[in-house]
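Structure assessment
Single-letter residue listing:
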Amino acid sequence: MGLKDKNLISLKEIDGPQAPHDAFLKREIGLRKDALAYVDDVARLAEYVGGETESLGLREDWALRKEAFPESIFTFIFQQG
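The text that follows walks through the structure, step by step, so that each part is easy to find. (Residues numbered from 1 in each chain as written. Predicted model: local features only at pLDDT ≥ 70, side-chain atom pairs only at ≥ 80, totals over all residues. Heavy atoms only, no water.)

1. Focus: a nonpolar patch on the surface
Together, Leu8, Leu58 and Ile77 line one region of the surface with nonpolar side chains, adding up to about 230 Å² of accessible area. Relative to the helices and strands, Leu58 resides in the loop between β1 (52–54) and β2 (62–69). Residue Leu58 is classed as partly exposed on the basis of its relative accessible area of 34%. (Patch = residues over 30% accessible without salt bridge, like charges linked within 9 Å, V, L, I, M, F, W, Y side chains within 5 Å. Areas by Shrake-Rupley, 256 points an atom, 1.4 Å probe, with all protein chains shown as cover. Salt bridge = Lys/Arg side-chain N within 4 Å of Asp/Glu carboxyl O. Helix = DSSP H or I, 4+ residues; strand = E, 2+ residues; numbered from the N terminus. Buried < 20%, exposed > 50% of the residue type's maximum accessible area, 1.4 Å probe, protein only.)

So, in structure tokens, the structure goes:
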């Protein structure tokens, strides 16, 4: 399944351009940077969170898809760098 089959939105689009979420993300990613280096088995990670791996065609290193609520699908995209 490629990106053309997806309708992806970001939290910034939900919250608006002045979202406090951006500052939170920058701060929290910095705190977790070392831990993210250990995420080397995406299949195990997907199993752990109850999701599945997928490829979106965004040159991502990996992506996970998880349905948290009926018809509410979260996609976690990881890109090293």
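Once you've had a look at it, read on.
2. Observations regarding the sheet that holds β2
Within the open sheet, the three strands sit side by side as β1-β2-β3. Their pairing is antiparallel. A single partner strand is all that each edge strand has here, and the edge strands are β1 and β3 (72–78). Strand-to-strand twist of the sheet, defined as the mean angle between neighbouring strand axes without regard to direction, takes the value 35°. Of the strand pairs in this sheet, β2 and β3 are connected by seven bridges, and their pairing is antiparallel. Opposite Lys66, over in β3, you have Phe74 as the bridge partner. Strands in contact with helix α3 (residues 42–49) are β1 and β2; relative to β2, the strand with the most contacts, it is inclined by about 5°. (Pairing = 2+ DSSP bridges. Axes fitted to C-alpha atoms, helices over the stretch in contact; angles between N-to-C directions. Contact = heavy atoms within 4.5 Å.)

3. Some remarks on the pattern of salt bridges
Proximity of charged atoms lets side chains of opposite charge pair with each other. Counting across every chain of the model gives two salt bridges. Note that Arg65 is salt-bridged to Glu52, the shortest N-O span being 3.8 Å. Of this pair, Arg65 sits in strand β2 while Glu52 sits in strand β1, and the two are 13 residues apart along the sequence. In this structure Glu52 comes out as partly exposed when scored by relative accessible area, which is 46%.

4. What about unusual backbone geometry?
The bulk of non-glycine residues show a negative phi, and the bulk of peptide bonds are trans. If you check the backbone angles, Arg59 has positive phi at about 60° while not being a glycine. Relative to the assigned elements, Arg59 resides in the loop between β1 and β2. For Arg59, a relative accessible area of 75% gives the class exposed. A positive phi angle, near 65°, is found at Glu71, a position not held by glycine. Considering the arrangement of structural elements, one finds Glu71 in the loop between β2 and β3. For Glu71, a relative accessible area of 78% gives the class exposed.

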